[in-house]
Structure formats: structure tokens, C-alpha cells
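# Summary of structural features
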Amino acid sequence: MNKKQPISIAYVFYVSLIVALGGFLMGFDASVISGVVKFIEPEFNLSKIELGWAVASLSLTATFAMMTAGPLSDKFGRKVILKCAAALFFLSAIASAFAPNFLTLVIARMLGGLGVGAALIIAPMYIAEIGPAKYRGRMVSLNQLNIVLGISVAFFTNFLILKATDWDNQFIETLQLDSSNWRWMLGIEAIPALLYFICLSFVPESPRWLIMKGKYDKALVTLKKAQGEQEANEQLAQITLSLSTDKNPNKGSILDLLKPSMRLVMVVGISIAILQQITGINAVFFYAPMIFEQTGIGTDASFIQAILVGITNVVFTLVAIALIDKIGRKLLLVIGVSGIVVCMFTLAYQFNAATYTLTAQSLAPLASSIDITSLQTIIGTTFTSDLTFKAALLELLGSTQAASYESSLVAAAIQMNGAVILLSILGFVACFAVSLGPVMWVLFSELFPNRIRGIAISFVGLINSGVSFLVQLLFPWELANLGAAFTFAFYGGFALIGLAIILKFLPETKGKSLEELETILIKD
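The notes below deal with the structure included here.

Criteria and cut-off values
- Residues numbered from 1 in each chain as written.
- Predicted model: local features only at pLDDT ≥ 70, side-chain atom pairs only at ≥ 80, totals over all residues.
- Heavy atoms only, no water.
- Core = buried A, V, L, I, M, F, W, Y, C linked by side-chain atoms within 4.5 Å.
- Buried < 20%, exposed > 50% of the residue type's maximum accessible area, 1.4 Å probe, protein only.
- Helix = DSSP H or I, 4+ residues; strand = E, 2+ residues; numbered from the N terminus.
- Contact = heavy atoms within 4.5 Å.
- 1 Å grid on protein atoms, 1.4 Å probe; cavity = no way out; pocket = protein on both sides within 12 Å on 5 of 7 lines; lining within 4 Å.
- Points joined across faces, edges and corners; volume = space filled by probe spheres on them.
- Nonpolar A, V, L, I, M, F, W, Y, C, P; charged D, E, K, R; others polar.
- Expected span 1.5 Å × (residues − 1).
- Bend = angle between axes of the 7 residues up to and from the residue.
- Pairing = 2+ DSSP bridges.

As a further point, take the nonpolar core. Core analysis: the biggest nonpolar cluster contains 142 residues, and Ile40, Val309, Phe448 and Phe488 have the highest contact counts within it. At 15 residues, the largest contribution of residues to this core is made by helix H6 (residues 102-130). Ignoring anything within four residues of it in the chain, the contact list for phenylalanine 448 reads Met262, Val265, Met266, Arg453, Ala456, Ile457 and Val460. In this structure, Leu358, Leu363, Ala392 and Ala413 belong to the second largest nonpolar core, which totals 19 residues.

Taken as a whole, the largest pocket encloses approximately 810 Å³ of empty space. For the lining of the largest pocket, the elements supplying multiple residues, two or more each, are helix H3 (37-43), helix H16 (288-293), helix H20 (386-397), helix H21 (399-413) and helix H24 (453-481). If one sorts the elements of the lining of the largest pocket by residue count, H21 sits on top with 8 residues. Taken together, the residues of the lining of the largest pocket break down into 16 nonpolar, 9 polar and 7 charged.

Let us look at the side chain of serine 57. Following the sequence through the fold, serine 57 ends up in helix H4 (residues 48-76). The exposure class of serine 57 is buried, given its relative accessible area of 0%. For serine 57, the residues in contact, after removing those within four places along its chain, are Val106, Arg109, Met110 and Phe469.

Attention now goes to H6. Since the α-helix advances by 3.6 residues per turn, residues separated by three or four positions end up pointing in the same direction. Relative to the 42 Å expected for 29 residues at 1.5 Å per residue, H6 spans 42 Å between its end C-alpha atoms, a close match to the ideal helical length. If you look at H6, its biggest bend is around 25 degrees, right at alanine 119. Burial runs high along H6: 23 of the 29 residues are buried.

Strands sit in the order E2-E1-E3 across an open sheet of 3 strands; the sheet is antiparallel. Looking at strand neighbours, the two that pair on one side only are strand E2 (382-383) and strand E3 (414-415), the edges of this open sheet. By the bridge criterion, 2 bridges tie strand E1 (residues 355-357) to E2 in an arrangement that is antiparallel. The residue of E2 that forms the bridge with tyrosine 356 is phenylalanine 383.

Right, dumping it as C-alpha cells:
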């Protein structure tokens, strides 16, 4: 038996890695918009809320997909729904790249959101259902690793496409990389989407789903490949017994989530679902260049620092994968969320302490593109708030010029500790990547009983995606109307509340089979 174990783990890893490519596409599709917002705002003449819609529209339909993907996967199978998600990613990438107007772009992004929601729910569910309990945390975390790899690759390809516009090359002009750079940023996703669709043909259906449908022989074949013959037979018996305990023909109803026996797992699940997004992680991922431009470093540097965010995310996700089955889910969350609190309040303090002063010297490099005479009345004036400074620019330049040159003028005027800002953002990403990022989906795949796992994960996933939608939609408006200091303090306050909930209510789940956890957590 021991000699067969490495082969079993290799098989599980191979299957899990293919399934987790859905996470890569989700991360890429969601964060690639970070490089696009700077270009579509002036091209489509968008308001701040419309800009938020361009980013958040994906999460709106992802919220719907999260609610329906679980039940659909219970009916048609995990693999079928994942292939549908791959097709949606492909169609969204092509439609986004050729969008002639803002409405078409939003519709195309919403199409991709359906794929995001389905992949985000079903991929970790599938991996949890095929992997041995001993390795389940690491295997499920492969999905989160692929998400952060997708985010990092999106940041990197955005930067490469941006820099390609500076190359004096006929090939670049033929591809219209100079005039349609944001369209290439969005369209390039079609390649990995097509690859994912093809690769899914080489993975089996989830053994637990096969057992739910009475296909015991097929389930046993997959379990033997994944866990070895002895453990496969034991798992088959455990799963069959777990499913047979509920003879209710209405099993899997959302009403089951309201039962008193589900109170603990629902409190934990909903709290973690809200916390993962209300701390502002997708504001950082999807608006990273915009945030860094607020520190005055300029467009190119902001894209480079966004790449640092992606690299940090990958490195600390690997740390989480190495630790999650050793020190447990709860300790990782306590450490990570504590760090998030510190980093967010540090960001709030630094932006609150920043000042903005335009001088004739700092404006000189901009004289060829901006009518500096319009700014004469505020030259030498020190503003202690980003809100008052931007309001003055809007009044003197008008909405079109203020939007086009805000980044350059902020860079010319701001005085702040940019190094502390960068370290705080990277620290926040590191703390998230080692805790809330991977741990949430591992917990979701463990907490809920077999018979309602699909509907339960879809429900908490819907809440998670709904909060994500609001964070993305409102972030540009918050920066413009509430200021960076208040926005980051708001996120830090919610992180502090979440930390208290984790300490009080979260149980440890590492090392236990899904059936053991059901016995422990669900009290009739």
C-alpha cells in the first residue's frame, strides 16, 4: 500500500492541477481590467460609477453563477459545468476585445463573470471531493495558487502590452498594439481558455458526484487511482453511508441552510465570505495601477509595482499551501487577518498625512500637454487632502482634462512616504495570500455536509461575490468622494471585526475527512 501511495498522490495532483486552471482564468479575467481602466475612462468618457461598473460587472454575474453553479453541478456533474465555464471565458475574451462601446464591453465582461462564478465554486469543490483528507488543504489550495498566478500573469501581460506601444516596429502597428492596447489586454485570455476546455477532457468526473448518482463502479475506479485500493473502498463506504442517512426527497434545498443544526457552519461560512472581500483585496488587485498612481509614481512605475503585487501574491500563496495542513486553517487566518488590520491602518495614516503642492518647477515638464496658465491660482498652495486637491483640478481644468492628467498632476504635487505605502500594500497582499485567499475556499469545501455541499457553497459564494461586486463598483467613487485615507481605514475596521469573529467561532478542520467533519459540526 505504501508503495502505491506516491502514484495516487501524483494522480490527484495531475487532476487537481488541470481543474485548478479554472482558477487561473478566473484570476486573469478578474484582474486584467486593472490595466484597462486608465484607457477606457477617457475613450468612453466614463463617470467614476461607470468606471466601477466596467470592473464590477464581472462580479455581478459571477454572483448569480455562484448561486446556480452548485445545484447545476449536482444535477449535471462538476466536469460538465467546468467545461461550460471554459467556453464562457473564451467567448468573453473575444467579445471584450472587439467591444465597440461601453455597453458591449460591460455585457462581454458579464459573460465572463458567469465563467468566473462557476469556476470559483466548482473547481475547489471537485478537488476536495477527489483528494485524500491528509492532502486536501494543499490540493484545494492549488486552485487559489492558480488564481494568484492568473492575477500575476494579467499584471505582467498588461505591462508588456503597454511597453510594446513604445516600440517603433511595423509589426506592432499592424497588430494595432499602439492604438488598441487595452483590447489586446482583454483578448489574450482566449488562449488559456481554449487550452482549459481541451484539458478538461482528460479528467474524470468527481467520485462523490458519481456515488450520488448511483454510479459506484465508476466512482471506485477514480477513488482507487486517487487514494489506493484500501482507502478507496473505505471512502466509498463512508460516502455511501453519509448520503444514505438523509432520505428526504427535498434534500439539497436552500431551506436546509436555515436549520438549527447548520447554525455554526453558516455563521462561520458567511462571516469568512464577507471578510475575504470587505477588507478590500479586489480593490487592490483590480485597481492596483490606479492606487499606485495616487502616490505620484507615474503610469509606467504603477504598472511595475502592480507586478510586484502579483509576485507577492504568488509567493505567499505558496507559503500558505506549505503550511495549511501543518499548522491549520484557524492559525493562518488569525496571523493573516491581524496583519491586514495593521497594513490597512498604516495605509490610512500615510494617505492622511500626505500633502499636495504644485510648483512652477514641478509643472514645467507638463507644459507641452497641459495649459499651465489655468493652474496659476493654486501654484504654491499646499493641500492637505487628496479630495481638496482633485476638486481644485476639476474646477480649473474641467472634467475631461482633469481625468486625463490627474495622474501626472498628482505625481507633480504629492509629498508622502511612497516606500511605506508600497510596503503596506505588499504586506496586505502577503497577509491575504497566506490566509483569507486560500483558507476560505478550503473551509468552504470542508464545512458543509455532502448532501447540501453544492447549494451551501453556492450560497456563501454568492455573498462573497456580492460583497466583491460592491467593493469594486464603489472603489473609484470612494477615492473621488471619501478619499484614500477613509477608504483604507474602512477596510481595516472590518478586518478588525472579522478577526474577533474568527477567534470566537472558527473551529479547526485540518486532517479530518469530510464525513468526520459532518459528524462533528452538524448537530441535529
